[in-house]
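Structural overview
Letter by letter, the chains look like this.
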Amino acid sequence: MGTVVDDAASVEFHAFFERHYAELARLAHLLTGEADAADDLAADALLALWHRWDRVRAADHPVAYARGVVANLAKTRIRSAVRERRRITLFWSQREENTENPDIPGVIDVQEALRRLPFRKRACVVLRHAFDLSEKDTALALGVTVGTVKSQTSKGMAELQRLLGTDEAPLRVRTPVRTTGGAGGKNR
């Protein structure tokens, strides 16, 4: 059961929300350049404000505080997007790879075994062995430590050995790449 103070705070917050939501969403849009993310950032900011409403309403300039929260959330979103773009560029090397006469049944077996690995082990194995990334670059791509990459790669390769029923895990995990005529584009 709410108290009079709780009800008063709720009414006050609701009025603040109605007055400033559109402005905060517009700010988020201008900071991130993402119209779709703007509403989410404004809502996240207002949720954070609601959780600290007693402090916010006592502040000299609650709207300025709200703008600061939106700006911080936007900065975090932009940094996250930059990190994600860096990770993606690590996945796509500039070199062209063609495999002549690939062992299709072997590739299918390896792909099936990879699907059975937990995500982090699979990601470490694929990045290290299929994309030839260093432990450091793999750690950067996955947002984990080099030690985690070493451990997960080792465990993943051991599990691949077990799943494939071989004494040795495949040294390379390659899939055949078919090229089309003309400009040399890849079919994916």
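Rules of the game
Residues numbered from 1 in each chain as written. Predicted model: local features only at pLDDT ≥ 70, side-chain atom pairs only at ≥ 80, totals over all residues. Heavy atoms only, no water. UniProt positions renumbered as here; feature names shortened; annotations may be inferred. Buried < 20%, exposed > 50% of the residue type's maximum accessible area, 1.4 Å probe, protein only. Helix = DSSP H or I, 4+ residues; strand = E, 2+ residues; numbered from the N terminus. Arc of directions from axis to C-beta. Core = buried A, V, L, I, M, F, W, Y, C linked by side-chain atoms within 4.5 Å. Contact = heavy atoms within 4.5 Å. Phe/Tyr/Trp six-rings, centres within 6.5 Å; stacked < 30°, edge-to-face > 60°. Polar contact = N/O pair within 3.5 Å; in protein donor to acceptor, adjacent residues only side chain to side chain. Salt bridge = Lys/Arg side-chain N within 4 Å of Asp/Glu carboxyl O.

Looking at an unreviewed UniProt entry, the protein carries the name RNA polymerase sigma factor, with the source organism given as Streptomyces lacrimifluminis. The heading Sequence similarities (unreviewed entry) in the UniProt record of the protein holds the text "Belongs to the sigma-70 factor family. ECF subfamily."

Turning to helix H7 (residues 135-142), its buried residues number three or more, namely Thr138, Ala139 and Ala141. On an axial view of H7, the arc spanned by its buried residues comes to 165°, and they lie on one face. Exposed residues on H7 whose side chains face more than 90 degrees from its buried face are Lys136 and Leu140. Immediately downstream of H7, the backbone of glycine 143 shows phi near 70°, a positive value.

Turning our attention to the nonpolar core. Within the largest apolar cluster, 19 residues are counted, with the highest numbers of intra-cluster contacts made by Phe16, Leu24, Leu46, Leu49 and Trp53. Secondary-structure elements contributing two or more residues to this core are helix H1 (4-32), helix H2 (35-51), helix H3 (53-58) and helix H4 (62-91). Beyond its immediate sequence surroundings of up to four residues, leucine 46 is in contact with Phe13, Phe16, Phe17, Tyr21 and Leu24. The next biggest cluster of nonpolar side chains, apart from the first, holds seven residues, and it includes Val110, Ala113, Val125 and Leu160.

One pass over the structure, following the stated rule, counts five aromatic pairs. Geometrically, the ring pair formed by phenylalanine 13 and tryptophan 53 is edge-to-face, given 5.1 Å between the ring centres and 80° between the ring planes. Placement of phenylalanine 13 in helix H1 and of tryptophan 53 in helix H3 is noted, with a sequence separation of 40 residues between them. Neither phenylalanine 13 nor tryptophan 53 differs from the other in exposure class; each is buried.

Of note, threonine 32 is situated in helix H1. Residue threonine 32 is classed as buried on the basis of its relative accessible area, which comes to 15%. Polar contacts involving the side chain of threonine 32 include one to the main-chain carbonyl oxygen of alanine 28, which spans 2.8 Å. Ignoring anything within four residues of it in the chain, the contact list for threonine 32 reads Leu41, Ala74, Arg77 and Ile78.

For the coordinates displayed, the defined rule picks out eight salt bridges. A salt bridge links lysine 121 to glutamate 159; its shortest N-O distance comes to 3.2 Å. Taken together, the residues span a long stretch of sequence, with lysine 121 in helix H6 (residues 119-130) and glutamate 159 in helix H8 (residues 146-164) at a distance of 38 residues. An identical accessibility class is assigned to lysine 121 and glutamate 159; each is buried. One continuous salt-bridge network, built from bridges that share partners, spans Glu12, Asp54 and Arg57.

Residue placement: glutamate 135 occurs in helix H7. Sequence separation between glutamate 135 and valine 146 is eleven residues; the distance between their C-alpha atoms is 5.9 Å. Apart from the residues within four sequence positions on either side, glutamate 135 is in contact with Arg128, Val146, Val149 and Lys150.

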